[in-house]
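# Summary of structural features
Chain by chain, the residues:
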Amino acid sequence: MVIVTVFTKDRLDRSERTFTQWRNSPYPVFVLDDSHSETNRARNIIIARENGLIYHGYSEQQKFLSQMEMTDLFQFTGRLGNKTWNLGNNRNYALILTVATGRRFVILCDDDVLVDRTTLLRVGRDLESGRFVGAQITGMPDDSIVGHLYRQAGRIVEPQYTSGTFLGVDSSAVSLPFANFYNEDWIWLCLENQGHNVEQTYCVEQLHYNPFLNWKERVFFQEEGEILWEGVYEAVSKFCTNNLSSAAFWTDVIEQRRSRIKSLISLILPERTRNVAVEIQQTLLNYLDKLNSEHFSNTMNTYLRSADDWRRLYRKVKRNGSSTHTQVDIRI
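I will try to describe carefully the structure that is included in this document. (Residues numbered from 1 in each chain as written. Predicted model: local features only at pLDDT ≥ 70, side-chain atom pairs only at ≥ 80, totals over all residues. Heavy atoms only, no water.)

### Observations concerning the nonpolar core
Ranked by internal contacts, the top residues of the largest apolar core, which has 77 residues, are Val169, Trp188, Trp250 and Ile280. If we skip the residues at most four places from it in the chain, tryptophan 250 touches Ile227, Leu228, Gly231, Val232, Asn243, Leu244, Ser293, Phe296, Ser297 and Met300. Counting 26 residues, the second largest nonpolar core, distinct from the first, contains Tyr55, Leu120, Ile137 and Val204. (Core = buried A, V, L, I, M, F, W, Y, C linked by side-chain atoms within 4.5 Å. Buried < 20%, exposed > 50% of the residue type's maximum accessible area, 1.4 Å probe, protein only. Contact = heavy atoms within 4.5 Å.)

Below, the structure written as structure tokens:
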């Protein structure tokens, strides 16, 4: 009843190291390959097959959803192999795969996570009595660029939440799609679980990387997701989700974020990151000056309105998945 989905995208340095651990998985493991590079896709196919994993890239996804006669799901799953960010859509595709193949539980896992067989078995067991099973992320914390600056200064930016880096989900309890923007996992889980955090019962290790490498390519995208997350968390925590439709509410959230970014300059940081912190601060303050709060209210309105279509399609997939004569070939 449990499957594992591993998300990967043009990072052979990760897949070469972590795919081998799934050889002894107690559950079927799907590799959802969003790699844009044809060379990377070809190599991931080889690594997956060598370790007994079920590979799903662009071609496999196209055939899978066409076989189900549900290509309208692409509005929520996107298409594997895009150049741009697609992780929220990939998470939705993982949920679709789970219910379409007649399973109930799925363990969502990033490609840079190390996890042992015992932990997998325990997560699978705990899902039988809980909607979500979380894990503490050791090694590399699940943070944005700004979050890593705070951590290097010995401080943690609040609020924190259970990460989708490694997360067990009861697919029968899902009512919302993942949004396809940064912090999609925290936002989704907070809304699904009505603001209650998910206990991080187990530990998994995330591989280390340089969080400030090529930061200019990622910082605006991350900052938008950080603002969305802080707004969602505040609204849900105060039982005022109607505020998410208010531009005035988002004006206040942006101002709170501005105060947080201004405080970067006061952090006591290692010499190697102090200069980059100053540059990041100025870059983000300029960015915040140009933001329109209506963009955030419109973004959340569009996302929340999509939930009805998602639930309709999701129910249809579950009906198909529960009928053995309509199950599609998951290996394609």
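Let's pick the thread back up.
### Concerning the pattern of salt bridges
Scanning the entire structure with this criterion turns up 21 salt bridges. Taking the shortest distance from any N to any O, the salt bridge between arginine 14 and aspartate 111 comes out at 3.3 Å. Taken as a pair, arginine 14 in helix H1 (residues 12-18) and aspartate 111 in the loop between strand E4 (105-110) and strand E5 (113-114) lie far apart in primary sequence, 97 residues in all. Using a relative accessible area of 17% as the deciding quantity, one classes arginine 14 as buried. Its relative accessible area of 3% is what places aspartate 111 among the buried residues. Measuring nitrogen to oxygen at the nearest pair gives 2.6 Å for the salt bridge that ties arginine 258 to aspartate 289. Of this pair, arginine 258 sits in helix H10 (residues 247-262) while aspartate 289 sits in helix H11 (residues 271-289), placing them 31 residues apart in sequence. (Salt bridge = Lys/Arg side-chain N within 4 Å of Asp/Glu carboxyl O. Helix = DSSP H or I, 4+ residues; strand = E, 2+ residues; numbered from the N terminus.)

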